[in-house]
Every structure is written in C-alpha cells, then in structure tokens.
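Below, each chain spelled out in residue letters.
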Amino acid sequence: ELGMDGPTDGAPFAVHTEVSACPWAPEHRIVRVGIQGRRLELSEIPPANLVFLLDVSGSMASADKLPLLVTAFERLVDQLRPQDRVAIVVYAGAAGLVLPPTPGTQRQTILDALGRLRAGGSTAGAEGLQLAYDVARQSFDPAATNRVLLATDGDFNVGVTGEGALQRLVERERESGVMLSVLGLGTGNLQDARMEALASVGNGAY
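Residues numbered from 1 in each chain as written. Predicted model: local features only at pLDDT ≥ 70, side-chain atom pairs only at ≥ 80, totals over all residues. Heavy atoms only, no water.

**Q** Residue-level account of the environment of Glu74, with values.
**A** Following the sequence through the fold, Glu74 ends up in helix α1 (residues 66–77). Counting along the chain gives 37 residues from Glu74 to Leu111, while the straight-line C-alpha distance between them is 6.6 Å. (Helix = DSSP H or I, 4+ residues; strand = E, 2+ residues; numbered from the N terminus.)

**Q** Could you give an account of helix α3 (residues 128–138), with specific residues and numbers?
**A** Turning to α3, its buried residues are Gly128, Leu129, Ala132, Tyr133, Val135 and Ala136. Seen from one end, α3 has its buried residues packed into an arc of 160 degrees, which puts them on one side. (Buried < 20%, exposed > 50% of the residue type's maximum accessible area, 1.4 Å probe, protein only. Arc of directions from axis to C-beta.)

**Q** Mind laying out the nonpolar core, listing which residues take part and the relevant values?
**A** Among soluble globular proteins, nonpolar side chains are generally buried collectively. Counting 24 residues, the largest nonpolar core has Phe52, Leu54, Leu66, Leu69, Ile88, Leu114 and Leu117 as the members making the most contacts within it. Those elements that place two or more of their residues in this core are β3 (48–55), α1, β4 (85–91), α2 (107–115) and β6 (145–152). Residue contacts for Ile88: discarding those within four places in its chain leaves Phe52, Leu54, Gly96, Leu97, Val98, Leu99, Ala113 and Leu114. Of all hydrophobic cores here, the second largest spans 22 residues; its members include Val51, Leu150, Leu166 and Val170. (Core = buried A, V, L, I, M, F, W, Y, C linked by side-chain atoms within 4.5 Å. Contact = heavy atoms within 4.5 Å.)

**Q** Give a detailed account of the environment of Ala113, specifying residues and quantitative values.
**A** You can see Ala113 is positioned in helix α2. Placed 15 residues apart in sequence, Ala113 and Val98 show a C-alpha to C-alpha distance of 6.6 Å. Filtering out sequence-adjacent residues up to four positions away, Ala113 remains in contact with Ile88, Val98 and Leu99.

**Q** An account of the pairing of β6 is needed here, citing residue identities and associated values.
**A** Here β6 lies mainly inside the structure; seven of its eight residues are buried. Bridge analysis of β3 against β6 gives seven bridges, and the strand direction is parallel. Bridge pairing links Ala48 to Thr145 in β6. As paired elements, β6 and strand β7 (residues 179–184) share six bridges and run parallel to each other. The partner of Leu150 across the bridge, within β7, is Val182. (Pairing = 2+ DSSP bridges.)

Dropping the structure here:
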C-alpha cells in the first residue's frame, strides 16, 4: 500500500525509516519504520491447499470477529488461482464441513459458503482440528503449501483434552506435511501464549 521497495541485496526484507517533527509536540519526533519483504510474482508462489478451521461459537458474533473474518476471506477469494484449493471446517457444538476442497476458479461457490456462516452455540469443538487435517490430506500436494488455519477468539476447545495432547496432534500432522497457523480475533479473551505455542509447533504463524 505504501509502495516501499523490497530488498535488493538478497535479504529477506528491506527496512525503511522516516523521521519527522511531531505536529502537536515540536520537541518530539515521529519515527515511521516500514518493512517490505521480497515481492513475489504469482507464478513464483506455490499452489495453496488451505483448510480454514473456524470457531463459530456464540462469542464470535461481534463485528470484530466472524464478520471481520468473512470480509477478509472475500478479499482472499479474489486472489485465488486455478491451482489453489480452499476448504472450510467449522466448530462450535460440533464440527462440520462447510466447504469441501474447492479450486480457486469456483469463486461463487466459495463466496456462497462464506455467506452461510453464522455464529452461535457453545465452544465445544468435538473433532474440529482432526477433521480439518483430514480434509487437508484429501487434497494434499507435495508441491503445494498445505496448511490448516485455525481462526478463533480465544479460549478454544477443538475436541482434544489437554494441551499436551493437542500439541502432539499438531506435531504428528506436521510430520505428514500439513502445517498449522492460528488467527486470533477480537479482544478480551485471547489466549495469546497458547495460540502462539500451537502455531509454533505447527510450523506456522500466529
């Protein structure tokens, strides 16, 4: 958006800084630090095999949670390519497959699935995470980015009792080539440490 140049020396990213006077406190300075990674051509990006695992419990209904996530996904759909695949698994009182692995060319099918998402019920995810991994393996491509993205507002329960068991599940699936990233939404109950640890075990980002 800012039009910053990417790295030219082989580094993974370039750092841009700017210093200016502070309009409301002239004795202070404002510093802007911008980071721009290497810009990749679409042809350089591997195919994506993505499974979104969405918390649709009642607490996700506020505007900065599930509705925000749906809006972001709609923008993502515009960037999908024919070689990309997207699936959606939801969990609240039970886990379910909302959208099977769908190629990026079927944009309206993906948008229709997003439009049906509603938040409601308690957070008791049954086998949500395991189902998401199972779906990811259906379309597994060794040349692709195979990833589950868990989106939740905090105190999630995806059907595996105990944090150790949850991490072992993620580690086991990681060895099969399916990674895990976690998206935290909203404020007030985010379990930052837990979600960051889970994403780290899954070779993903939080």
